[in-house]
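# Understanding the architecture of this molecule
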Amino acid sequence: MVKQIAVFLENREGRLSDCCKVLKQADVNLNSLSIADTKEFGIVRLIVDDSDKALSALQAAGFLSSVVELVAIEVPDKAGALADELIALSDSGVNIEYMYSFAGKDGHANIGFKTSMPEKAVAVLQAAGAKVL
Amino acid sequence: MQYFQKEIETMSKEEKRALQSERLVKIVKYAYENQAPYRAKMDAMGVKPEDIKSIDDISKLPFTVKQDLRDAYPFGMMARPKKDLVRLHASSATTGKLTVAGYTMNDIDVWGECAARSLVMAGGDAESIVHVAYGYGLFTGGLGMHYGGEKLGACVVPASAGNTQKQIQLLVDFGADIICCTPSYIIYLAEEIERMGLKIGEDIKLKGGVFGAEAWSEGMREDIEKRLNIRACDIYGLSEIAGPGVACDCQFKTGMHFQDDHFYPEIVDVDTLEPLPYGESGELVITTLTKEGMPLIRYRTRDIASLNDDPCPCGRTSVKLNKITGRSDDMLIIRGVNVFPSQIESVLLKNPDITPNYHINVDRVNNLDTMEIVVELSPNVKLDEVAHVEEIRRKLAADMTSALSVSAKITLVSPGTVARSEGKAKRITDKRKL
Ligand SMILES: [Zn+2]
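Residues numbered from 1 in each chain as written. Chains lettered and ligands numbered in written order. Predicted model: local features only at pLDDT ≥ 70, side-chain atom pairs only at ≥ 80, totals over all residues. Heavy atoms only, no water.

So, about the interface of chain B and chain A. By convention, interface size is frequently given as the accessible area that disappears when the constituent parts associate. Each side of the interface is counted separately: chain B has 19 residues, and chain A has 21 residues. In this assembly, chain B packs against chain A so that about 1500 Å² is buried in total across both faces, 56% of it on carbon and sulfur atoms. Together, D384, V386 and S414 of chain B form the three largest contributors to the area buried by chain B at its contact with chain A, with a combined 36%. Linking chain B to chain A there are 3 salt bridges. The shortest N-O distance in the salt bridge between E40 of chain A and R393 of chain B comes to 2.5 Å. Taken together, the links from chain B to chain A amount to 7 residue pairs in polar contact (both at pLDDT 80 or more). Contributing elements (two or more residues each) for the side of chain B that touches chain A: α11 (386-404) and β20 (409-413) of chain B. A per-element tally of the side of chain B that touches chain A places α11 of chain B first, with 5 residues. Class assignment for the residues of the side of chain B that touches chain A results in 9 nonpolar, 4 polar and 6 charged. (Contact = heavy atoms within 4.5 Å. Buried area = accessible area lost by both parts, 1.4 Å probe. Salt bridge = Lys/Arg side-chain N within 4 Å of Asp/Glu carboxyl O. Polar contact = N/O pair within 3.5 Å; in protein donor to acceptor, adjacent residues only side chain to side chain. Helix = DSSP H or I, 4+ residues; strand = E, 2+ residues; numbered from the N terminus. Nonpolar A, V, L, I, M, F, W, Y, C, P; charged D, E, K, R; others polar.)

Below you can see the structure in the form of structure tokens.
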């Protein structure tokens, strides 16, 4: 499992860069940043090297932020292996609320997703031979 | 301590009426003789002081409106020469001119007694430490509660408004058990106290507080009482009449006990100005029965409320003022519908995903009124999907429409970003050019 930090941002100019500045000042490294937004607000999802430190720095700076655990796997080197793992997941009835890829420590590609049944997802993925983080 | 002045606060209805009658007869004669604006008003209506024989005759008297006070600025309404006045207070006006109230020493004493009665209702006594976080100055909040605390024999901490970190330090170090400030400020203090991780009951020893000078809802009261584990009393006052202490509620919350031995309340229909019976909502009108510096007769407060005369378990026998539901000044007319900020507050308080802080922006686009309500998300809400935010907004918009009978655009913002005010909350920006 990987800890993802979700931050609510009003679409005011500079809010995203303020958020990044807070992380930089707290000496937190970003592994991934993705934004889902509308005309008026956005949700930024971050994966960082120290999620506790990032969360307390963001909250102290007044950002509405929370931690959500994601199931994450390393993208396999073998062609077709990722498709097999995802098919296994889908066949087992595990729901996926959202999913995205992010870089691992060694530059390796990872995929993380949110599900309401994380234990089952991990078991299915492990059985399919995936490298679960 | 149960009462500050038992014999007056628990006086029988008949005795109270006799006292009010005696005082009204006296004050009308005094006003006629000493205040030119009243002599002119009464002469114009053909009413003579002798026509007023008891409190039942009060409806024969002329009303006073804020404009009368502005016209008399600064001293035209005073019944005493300047040498007899010991203090002036003034309330700010958006239109420029201030309205001034002058007090004699006796006026200050009477006001202090009323404020002291209020502090007792909040749980205070002569042993109390009373922290006053209302602003000190022309605004009556600070000095009003200050003198009330001293009258009570309590120890007053004149913290005044602002510098929240220092306020909290004083609360911790001095151990105040009673606090006086605006409802929006006590909520802000509670947030800061929680954020600092201070322990309620250990670090913060508050037992009660009187909160006023701006409208607040029953939901806000519950929020304050729960967060700080205190008795939160609603206190009413206005500088033209005296300041805080004109009315205040006790622990039974049956309405604010009106200090009707000194200030006589009526409710009148906003349009016809006819007096309304107990229970009916209209404009609160107050007559000062004992004031010397600047008596006011049937002063129209612009506050919308009702009165009740139900017995209160506390034993106080005064008539009671139910929660102010709005100000005729604050009332917004949106696409022909009357909207009071208090209606918006009660919707916000029922929703755990947001805080009670809000700001209203009103504009007119293509000849149509638009209302935007900017609301803070609660710091405790967990949001990782756009759809969650949209869901909170949709629900709030639907609740708002059903409460106000007019639709509003809801804008959600981060916690702590809607401005808190230390005086009267300035929650409305009306950009319409009417
Ligand atoms: Zn009572």
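Resuming the write-up.
Let's shift gears to the coordination of the zinc ion. Residues and elements named next belong to chain B. Within the first shell, the zinc ion binds the protein through C250 (SG), H257 (NE2), C312 (SG) and C314 (SG), at distances of 2.0 to 2.3 Å. Every donor counted, the 4 donor atoms about the zinc ion form angles of 101 to 116 degrees at the centre, which fits tetrahedral coordination. Mapped onto the sequence, the donors of the zinc ion take the spacing C-x6-H-x54-C-x1-C. Residue classification places C312 among the buried residues on the basis of a relative accessible area of 8%. (Donors = N, O, S within 2.8 Å, 3.2 Å for Na, K, Ca; no water. Tetrahedral: all angles 85-135°; square planar, octahedral: opposite > 155°, others 65-115°. Buried < 20%, exposed > 50% of the residue type's maximum accessible area, 1.4 Å probe, protein only.)

On to the packing of aromatic side chains, then. All names here are of chain B. Evaluated as defined, the whole model comprises 5 aromatic pairs over all chains. When the centroid spacing of 6.0 Å and the interplanar angle of 90 degrees are considered together, the rings of F211 and W216 count as edge-to-face. A residue is classified by how much of its surface remains accessible, and W216, at 3% relative accessible area, is buried. A cation sits over an aromatic face here: R298 above F63, 4.2 Å from the ring centre. Directly above the aromatic system of W216 lies the positively charged group of K323, at a separation of 4.3 Å from the ring centroid. (Phe/Tyr/Trp six-rings, centres within 6.5 Å; stacked < 30°, edge-to-face > 60°. Lys NZ or Arg CZ within 6 Å of the ring centre and 35° of its normal.)

Gaps between atoms show up when a probe of the same size as a water molecule is rolled over them. Size it by volume and the second largest pocket reaches roughly 1000 Å³. In terms of lining residues, the second largest pocket is bounded by 30 residues, among which E191, R227, T355, P379 and N380 of chain B are the most central. When residues of the lining of the second largest pocket are traced back to their parent elements, those giving at least two are α2 (51-60) and β4 (64-74) of chain A together with α8 (183-195), α9 (218-228), α10 (341-349) and β18 (354-365) of chain B. Across the lining of the second largest pocket, the residue classes tally to 11 nonpolar, 9 polar and 10 charged. (1 Å grid on protein atoms, 1.4 Å probe; cavity = no way out; pocket = protein on both sides within 12 Å on 5 of 7 lines; lining within 4 Å. Points joined across faces, edges and corners; volume = space filled by probe spheres on them.)

Residue and element names in this part refer to chain B. Within the largest apolar cluster, 48 residues are counted, with the highest numbers of intra-cluster contacts made by L24, Y236, I241, F258, I286 and L321. In terms of residue count, the dominant contributor to this core is helix α2 (residues 13-34) (6 residues). If sequence neighbours within four positions are ignored, L24 has contacts with I52, S54, I55, I58, L61, T287 and L289. One finds V347, I354, I373 and L377 within the second-largest nonpolar core, a separate group that totals 31 residues. (Core = buried A, V, L, I, M, F, W, Y, C linked by side-chain atoms within 4.5 Å.)

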